[in-house]
Amino acid sequence: QVQLVESGGGLVQAGGSLRLSCAASGRTFSIGDMGWFRQAPGKGREFVAVIRRSGGSTNYADSVKGRFTISRDNAKNTVYLQMNSLKPEDTAVYYCAAGPVFRDSTYDAIRSYSYWGQGTQVTVSS
């Protein structure tokens, strides 16, 4: 089993920044690619970003491209999400997820991930 714990959420004004962290423990050797998803009130969970196990390749949702940056430190078993130029529509619970090494474009699908954190709230005020 793998356990994921997110931190770093909070309340920020529009235009501000936050950095989310996700620490993995347990059978971390089984973790491949890692992603961030979010779920706004009354909406479904949506893909935000993914980073490959090597850290050399990333993908982003169009809504966050150019504002968010995903990174990982494999020595610390931690993945980060740097969020800049935040907008009120970024308000959501943000979830970290761990999956296999993706061989295709299924990295944006919830079902592709085996492990999930409990989520951290991000609120952006206008």
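Shown above is the structure to which this text applies.
In this text the structure is predicted, and so the values were computed from the model without any measurement.

Colleague: With reference to specific residues and values, describe the side chain of Ser21.
Modeller: Along the chain, Ser21 falls in strand S3 (residues 18-26). Here Ser21 falls in the buried class, since its relative accessible area comes to 19%. Setting aside residues up to four positions removed in sequence, Ser21 forms contacts with Val5, Glu6, Ser7, Trp36, Thr78, Val79 and Tyr80.

Colleague: If you had to explain the pairing of strand S8 (residues 78-83) to someone new, which residues and values would you point to?
Modeller: Taken residue by residue, a regular strand's side chains alternate between the two faces of the sheet. Judged by how many residues are buried, S8 sits mostly within the fold: five of six residues are covered. Summarising the sheet, S3 and S8 pair through six bridges and their orientation is antiparallel. Within S8, the residue paired with Leu20 across the bridge is Leu81. Sheet analysis places strand S7 (residues 68-73) next to S8, joined by six bridges and oriented antiparallel. Note on S8: the bridge partner recorded for Phe68 is Met83. Connecting S7 to the next strand, S8, in antiparallel fashion are four residues, including Asn77 with a positive phi near 55°.

Colleague: Requested: an account of the state of the cysteines, with residues and values cited.
Modeller: As enumerated under the stated definition, the model contains one disulfide in all. With its sulfur 2.1 Å from that of its partner, Cys22 forms a disulfide with Cys96. Taking the sign of the S-S torsion, -75° for the link of Cys22 and Cys96, the bridge is left-handed. You can see Cys22 sitting in strand S3 and its partner Cys96 sitting in strand S9 (residues 92-98), a full 74 residues away along the chain. With a relative accessible area of 0%, Cys22 lands in the buried category. Given the relative accessible area of 0%, Cys96 is considered buried.

Colleague: Describe the sheet that holds S8, and please don't skip the residues or the numbers.
Modeller: Sheets are built from strands paired through backbone hydrogen bonds, the pairs being either parallel or antiparallel. Spatially, four strands are ordered S1-S3-S8-S7 in an open sheet, and the strand pairing comes out antiparallel. Among the strands making up the open sheet, the edge pair consists of strand S1 (2-7) and S7. Across the sheet, the axes of successive neighbouring strands diverge by a mean angle of 15°, strand direction being ignored. Here six bridges tie S1 to S3, and the two strands are oriented antiparallel to one another. Note that in S3 the partner of Gln3 across the bridge is Ser25.

Reading the values: the criteria
Residues numbered from 1 in each chain as written. Predicted model: local features only at pLDDT ≥ 70, side-chain atom pairs only at ≥ 80, totals over all residues. Heavy atoms only, no water. Helix = DSSP H or I, 4+ residues; strand = E, 2+ residues; numbered from the N terminus. Buried < 20%, exposed > 50% of the residue type's maximum accessible area, 1.4 Å probe, protein only. Contact = heavy atoms within 4.5 Å. Pairing = 2+ DSSP bridges. Disulfide = S-S within 2.5 Å. Axes fitted to C-alpha atoms, helices over the stretch in contact; angles between N-to-C directions.

Nothing here speaks to function; it is geometry throughout.
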